[in-house]
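# Tertiary structure, described
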Amino acid sequence: MSTHRLSRTLASLPVRFMGPGGAVAVLRDGELIERHAWGWADAERRIPFTPQTMSLICSISKQFTCALLLDLFPDPSVLDGDLRRRLPLLEEEAPTVLDLCHNQSGLRDYWATAMLCGAPVEGVFGMADADRLISRTRSLHFAAGTRYSYCNQNFRLLSDLIEQRTGQSYGDLLRAHLFDRAGMPLARLNADTSRVAGGTLGYEGTVATGFRPAVNHIVWTGDAGISASLDDMIAWEQFIDTTRDDAEGLYNRLSAPVTFKDGTPAVYGFGLARATAFGRRATCHEGGLRGWRSFRINLPEDRLSAVVLFNHMADPRACAFDLLAAALDVPEPVETIITGESGFAGRYLEPESGVAVRIEPAAEQRLSLKFGHGADVLAATEDGDFLSTAVRLYRDGDGISMTRHHENLSSLLVRCEGDSPTDIEGVFHSEELAADLTCVSAGGALYGAFSGMFGRGAMEALLPHGGDTWLLPMPRALDQSPPGDWTLTFERDGKGLVVAVQVGCWLARDIRYRRV
């Protein structure tokens, strides 16, 4: 281990990941190697950000929910009936509790569908709102256990089921079964994210635009509701190391291999991503709410961990990997650039999900592929394919196929060609969501907006994707990470008139709206 390189990396972090405040830690063999905090928990009141400063750890909460589940119910299937009763209108085979744990439930994420129901960008989304939306579920966007799709409400449902079966609050159970056991005295359930214990503020913005306090009005529970200090998270990493040789230890159970229903290995389970870092096996998870970013990663063979907490929107994953590279003294990567014309660029639909795919040239003979959350950057291979850690694009006869390993999804993309007809104005209604999509022309430009039980969403300019497919951008949402572009694929009758539209994004697919 290069202690000089690690010290140099630590010293560079406040400048490389600029923002109001942050804290990081590196542990090896269960011992703390480095622990550093900088900046401000509240810049206006000049409250320092310290290792005891409370932060929202956001989706890192999911592994704690699953740990609590396994501790209380070694066989989680005993709650399957309870879960089925939480979905009274579901017309398909219900997911199991393990499907929830592994993000294989097929449920559409509620902070995406909330936007379809007109939720305002910075509106209040509480427990009752979540219950109303979940209880309306009539269909899944894939058969449970067959695919992966990130879904926050999977873990809200888990915490709800735990409370219901035990008769105790989720927060009290976390304290008694996890936080006290791991030595995390400050960690707690912080369900109302509009305020954080200790007064820490989360910030939006950049150095160029300035930082401003972020607005959060979502009540989270098992999905993203925990706050903790850096010292709490250090204790969690030490608990993991202490129990590393116990086959029945909580973290060993959380990180055990997981498969899809067809036996294909899955790279996500029990609130943890199974990943590879520097050629080593790793388990990790990122967290993000508006104003907050976090990341933790554990390399079991090296007994090496890193934790990053930011109260602003810098990239915690990149920060953690910089720390690991320094701790392992990994050589700087030397990239080999393979040149050549790809012919892959274009606009497509992925046929199973109905979600738009955009493939565009990127620097140095790479491709940018937009389908899911953000863009995947793919590099050319010697055999003419394009590859990232999660996605492969390859020629399939005269077409292009996409394989997304972590989602257990492989399909021949459908190219979208030609101009998009503009005769799509009207109001379209989703019976399942009791929600409307309105498409109108304003001075020759087409706009669309969603409305429903949570209000009326803002009008956004529609973007033609080719043929009868349009995109409705949603750059902001309830959560810090928006659904992105909604794919709108319009359907016509025998006379060529628009009668329906299929709506979907990477988090909520295959929702049918009929023209009113």
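Note that the coordinates shown come from a computational prediction; the quantities given were computed from them, not determined experimentally. (Residues numbered from 1 in each chain as written. Predicted model: local features only at pLDDT ≥ 70, side-chain atom pairs only at ≥ 80, totals over all residues. Heavy atoms only, no water.)

### Points about a nonpolar patch on the surface
What counts is decided by this rule: Excluding any residue in a salt bridge, patches collect residues exceeding 30% relative accessible area, merging like charges within 9 Å and nonpolar Val, Leu, Ile, Met, Phe, Trp and Tyr side chains within 5 Å. The Shrake-Rupley method, run with a 1.4 Å probe, gives the accessible areas here. Residue values count only the displayed protein chains as cover. When a carboxyl oxygen of Asp or Glu is within 4 Å of a side-chain nitrogen of Lys or Arg, the pair counts as a salt bridge. Every helix listed is a DSSP run of H or I at least four residues long, and every strand listed is a run of E at least two residues long, numbered separately from the N terminus. Working definition: with a 1.4 Å probe on protein chains only, accessible area under 20% of the residue-type maximum means buried, over 50% means exposed, and in between means partly exposed.
Judged by side-chain polarity, Val15, Met18 and Val207 come together as a nonpolar surface patch covering roughly 290 Å² of accessible area. Within the fold, Met18 resides in the loop between α1 (3–16) and β1 (21–28). Take Met18: its relative accessible area is 43%, and that puts it in the partly exposed class.

### As for the nonpolar core
Formally: Among buried residues, the Ala, Val, Leu, Ile, Met, Phe, Trp, Tyr and Cys ones that are joined through side-chain atoms within 4.5 Å form a nonpolar core. Contact criterion: two residues are considered in contact whenever any of their non-hydrogen atoms come within 4.5 Å of each other.
Ranked by internal contacts, the top residues of the largest apolar core, which has 138 residues, are Phe64, Ile297, Leu437, Trp486 and Tyr513. Counting residues per element, this core draws most heavily on helix α11 (residues 316–328), at 8 residues. The residues contacting Ile297, other than those within four sequence positions of it, are Glu237, Ala277, Ala282, Thr283, Cys284, Leu304, Ser305, Ala306, Ala320, Phe321 and Leu324.

### Comments concerning the packing of α1 against α11
Short version of the rule: To obtain an axis, a line is fitted to C-alpha atoms, over the contacting stretch when the element is a helix, and the angle between two such axes runs from 0 to 180 degrees between their N-to-C directions. Angle categories: roughly parallel below 35 degrees, roughly antiparallel above 145, roughly perpendicular from 65 to 115, and oblique for all the rest. Each helix crossing is assigned a hand: it is left-handed if the near helix lies turned anticlockwise from the far helix by less than a right angle, otherwise right-handed if that turn is clockwise. Amino acids are sorted into nonpolar (Ala, Val, Leu, Ile, Met, Phe, Trp, Tyr, Cys and Pro), charged (Asp, Glu, Lys and Arg) and polar (every other residue, Gly among them).
The contact between α1 and α11 brings their axes to 8 Å, and the two run at 165°. When the interaxial angle is binned, α1 and α11 end up roughly antiparallel. The handedness of the crossing between α1 and α11 comes out as right-handed. Contact residues: α1 offers Arg5, Leu6, Thr9, Leu10, Leu13 and Arg16, while α11 offers Cys319, Asp322, Leu323, Ala325, Ala326 and Ala327. Of the residues that constitute the contact of α1 with α11, the class distribution is 8 nonpolar, 1 polar and 3 charged.

### So, the confidence of the model for the chain
Spelled out, the test is: What pLDDT conveys is the predictor's confidence in a given residue, as a value from 0 to 100.
Taken residue by residue, the chain gives an average pLDDT of 94. The fraction at 70 or more is 97%. Contacts for the low-pLDDT stretch residues 335–341, under 50 throughout, to residues beyond four places or in other chains number 11 contacts.

### Examining the sheet that holds strand β14 (residues 292–299)
To keep things clear, this is the line we draw: For two strands to be treated as a pair, DSSP must find at least two bridges joining them.
Pairing is antiparallel in the open sheet, where 8 strands are placed in the order β3-β2-β1-β15-β14-β13-β12-β11. Strands with a single pairing partner mark the edges of an open sheet, and in this sheet they are β3 (47–48) and β11 (268–269). In terms of strand pairing, β11 meets strand β12 (residues 272–277) through 2 bridges, oriented antiparallel. Pairing of Gly269 across the sheet is with Leu272, part of β12. In the packing of α11 onto the sheet, contacts are made with β1, β12, β13 (280–289), β14 and β15 (304–310), and the angle to β15 comes to roughly 145°.

### Thoughts on the sheet that holds strand β20 (residues 386–387)
Spatially, β23-β22-β21-β20-β19-β18-β17-β16-β24 is the arrangement adopted by the 9 strands of the open sheet, whose pairing is antiparallel. Sheet topology places β23 (409–412) and β24 (414–415) at the edges, where each strand pairs with a single neighbour. Note: β20 against strand β21 (residues 391–396), 2 bridges, orientation antiparallel. Counted as the bridge partner of Phe386 is Leu393 from β21.

### Some thoughts on helix α2 (residues 61–72)
Short version of the rule: Multiplying one less than the number of residues by 1.5 Å gives the expected span of a helix.
Over its 12 residues, α2 extends 17 Å from the first C-alpha to the last, a length consistent with the 16 Å expected when each residue adds 1.5 Å. Residues of α2 that are buried: Ser61, Lys62, Gln63, Phe64, Thr65, Cys66, Ala67, Leu68, Leu69 and Leu70.

### Focus: unusual backbone geometry
Although it is not a glycine, Cys58 adopts a positive phi angle of roughly 60°. Relative to the helices and strands, Cys58 resides in the loop between β4 (55–56) and α2.

### Considerations on the packing of α2 against helix α7 (residues 153–166)
Packing of α2 against α7 leaves a shortest axis separation of 10 Å and a crossing angle of 35°. At the point where α2 passes α7, the crossing takes the left-handed sense. Between α2, through Lys62, Thr65, Cys66, Leu68, Leu69 and Leu72, and α7, the contact on the second element is made entirely by Phe155, Leu158, Ser159, Ile162 and Thr166.

### Quick word on the pairing of β23
Burial along β23 is one-sided: the face carrying Leu409 and Ser411 is buried and the face carrying Ser410 and Leu412 is not. Judged from the 4 bridges that link them, strand β22 (residues 399–404) and β23 form a sheet pairing that is antiparallel. Opposite Met402, over in β23, you have Ser411 as the bridge partner.

### Quick word on the environment of Val377
When you line up the elements, Val377 lands in strand β19 (residues 375–380). Owing to a relative accessible area of 48%, Val377 belongs among the partly exposed residues under this scheme. If sequence neighbours within four positions are ignored, Val377 has contacts with Arg366, Leu367, Leu387 and Ser388.

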